[in-house]
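These are the residues of each chain, in order.
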Amino acid sequence: MIEKFGNSGLSKRRGGGWRSLGAAGAGIARKALGSKGRAFAAFLTDWPSIVGEETARHCLPVSLRFPDREIRRDAVLTLRVESGAWAAELSHSQDVVLERINGYFGYGAVAKLRLQTGPLPGQRTKSEGRGNPDPWEKAKASRPLTPAEEQKLQALLSEVENPELRASLERLGRQLLARR
């Protein structure tokens, strides 16, 4: 898979303090994903345009594992699929999906799909009524940002020129700020 985040070049300052999300995000992507970090981060953002809106509503990339971290070819892409029916559909059309994914990267980055069935973020589960926690609930929970937080986030993002990276970092920033 991708390497552990470890010390991703983020400041070791104590007492918090703000850092540019653009600088932090680039460092994390570079450390975690290697030299192709931007391409793989964009892959997650561009998932609906790669596989199509309908398919993207029913499955999500979970992990990407390369047999050799240096070569970055022939990976296994694990997808979280909402139902067995969609898992069967994806299994049946695996060649087409792999062709689209590899066309996006421009080389044979992914050789195989591994499918896991389970709820996607934002979906209600059968267990919700029985008191069993939804494993995705933590990712879904968020609160609206205060005007001050919104202003600070926009100021930090003003330096990011790439629109896809900016959108991804904005979503990340909103999630992080909403947890405070």
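As a starting point, this report considers the structure included with it. If you're wondering where the values come from, they're calculated on a predicted model, not measured in any experiment.

Rules and cut-offs
- Residues numbered from 1 in each chain as written.
- Predicted model: local features only at pLDDT ≥ 70, side-chain atom pairs only at ≥ 80, totals over all residues.
- Heavy atoms only, no water.
- Helix = DSSP H or I, 4+ residues; strand = E, 2+ residues; numbered from the N terminus.
- Buried < 20%, exposed > 50% of the residue type's maximum accessible area, 1.4 Å probe, protein only.
- Lys, Arg positive; Asp, Glu negative; His and termini not counted.
- Salt bridge = Lys/Arg side-chain N within 4 Å of Asp/Glu carboxyl O.
- Contact = heavy atoms within 4.5 Å.
- Expected span 1.5 Å × (residues − 1).
- Arc of directions from axis to C-beta.
- Polar contact = N/O pair within 3.5 Å; in protein donor to acceptor, adjacent residues only side chain to side chain.

The next thing to look at is the side chain of D46. When you line up the elements, D46 lands in the loop between α2 (37-45) and α3 (47-51). Nearest to the buried, unbridged D46 among oppositely charged side chains is R171, at 7.8 Å. Filtering out sequence-adjacent residues up to four positions away, D46 remains in contact with Y104 and E164.

The end-to-end C-alpha distance of helix α9 (residues 163-179), which contains 17 residues, comes to 24 Å, matching closely the 24 Å that a straight helix rising 1.5 Å per residue would cover. Where α9 is concerned, the buried positions are L169, E170, G173, L177 and A178. When α9 is viewed along its axis, its buried side chains cluster within an angular range of 160° and face the same direction. Sitting at the amino-terminal end of α9 is N162, which places a side-chain oxygen 2.9 Å from the backbone nitrogen of E164.

Glancing now at the environment of E170. Within the secondary structure layout, E170 lies in helix α9. Between the alpha carbons of E170 and L157 there is a distance of 7.2 Å; along the sequence they are 13 residues apart. Apart from the residues lying within four places of it in its own chain, the contact partners of E170 are L153, Q154 and L157. Here the side chain of E170 touches Q154 through a polar contact of 3.2 Å, side chain to side chain.

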